Amino acid sequence: MGEFSFNEHHQNEVVNYMRFARSKMVLRLKTIDSCFEELKDSRLVEETFTVDEVKEMLDGLQAVVRGEVETELINTAHTNVLLLRQLFSQAEKFYLRLQSDISELENRELLEQVAEFEKADFKSTDKKNPEPSKPKLAPLNEGGVSELLKKEIARLQEENDKLKIRMRTLESQAMSALDERTKAERALKDLQQLQGDQQVAAQSQEISSLEDTVAALKGEYERSLSANSASHRGLQDNLVSAKHDLLRVQEQLSLAEKELDKKFQQTAAYRNMKEILIKKNEQIKDIRKRLQRYEPNE
């Protein structure tokens, strides 16, 4: 039986089934023998029989033997179904689906191997003459099944713990990235505010200087007006020109402010800060996507 690659336990199960089938076969053969013996004792009491009488006896014997053989074949098929039911029930406890190849049941080579194994087994049995045993299948809720379930639960628990650790790591990375983004935004805002304060201070200083100039010109104009009315028109023109200069300077200041803001945006510090913010935003998007893959569906 070594050709079937059975372990010792399964080989013993096969032996037990073959012994069971052999006992049923012996019992049914004895029944058939008794049919012939009954015919001999009940009908073969005369020395001569007619053809019709012999035909009647053979027909009756055929019907009895046919019935016995048919009953045994049906019983054997039903017994095999019950055996398969036990095996399939055990397999379904492990969520397995067994398959059978019906064509292998007529494999002559395998059938001959089974016959040789049966001969060898029952020769050794006749020598030892052991007591007949009645083995049973192992309980489905004990032993190997519960052990496998425990191992599977432990494996799933371990995977769950790993996923939890991974989730905590991703959450920590996400929080760190958010903190870095907040710091970068705050630094950029402070830098922009500093630049704005500097620009406002410079503009205020220039405006104050121009106002002082205008005030000085106005005072000079007033003094000149009181001292010499002839120079009134010239001073007035100077005042108008000063106002025009003030407006022109203010316009130049506005253009200078825009140009300064443009130059600031082109500085390395501004570009670096902007690149950091872009990278942090990309990291946060990537981490959010990875978190969505690990979050359970609600």
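Everything that follows concerns the structure shown earlier in this document.
Residues numbered from 1 in each chain as written. Predicted model: local features only at pLDDT ≥ 70, side-chain atom pairs only at ≥ 80, totals over all residues. Heavy atoms only, no water.

Details of the nonpolar core
So the rule is basically this: Take the buried Ala, Val, Leu, Ile, Met, Phe, Trp, Tyr and Cys residues and link them wherever side-chain atoms come within 4.5 Å; each set so joined is a nonpolar core. Type-normalised accessible area, obtained with a 1.4 Å probe on protein chains alone, sets the label of each residue: buried when under 20%, exposed when over 50%, and partly exposed for intermediate values. Every helix listed is a DSSP run of H or I at least four residues long, and every strand listed is a run of E at least two residues long, numbered separately from the N terminus.
Counting seven residues, the largest nonpolar core is built from M167, L170, A174, A177, I284, I287 and L291. Breaking this core down by element, the ones donating at least two residues are α4 (144-227) and α6 (268-294). Counting residues per element, this core draws most heavily on α4, at four residues. Listed in part, the six residues of the second largest apolar core include I32, C35, M57 and V65.

A look at the environment of L170
Under the convention used in this document: Note on contacts: a residue pair qualifies if any of its non-hydrogen atoms lie within 4.5 Å across the two residues.
Locating L170 in the fold gives a position in helix α4. Linking L170 and R288, residues 118 residues apart in sequence, is a C-alpha distance of 9.0 Å. In contact with L170, not counting residues within four places along its chain, are I287, R290, L291 and Y294.

Thoughts on unusual backbone geometry
Phi is positive for Y95, close to 60°, though the residue is something other than glycine. As for its placement among the helices and strands, Y95 is situated in the loop between α2 (51-93) and α3 (108-128). Residue Y95 is classed as exposed on the basis of its relative accessible area of 75%.

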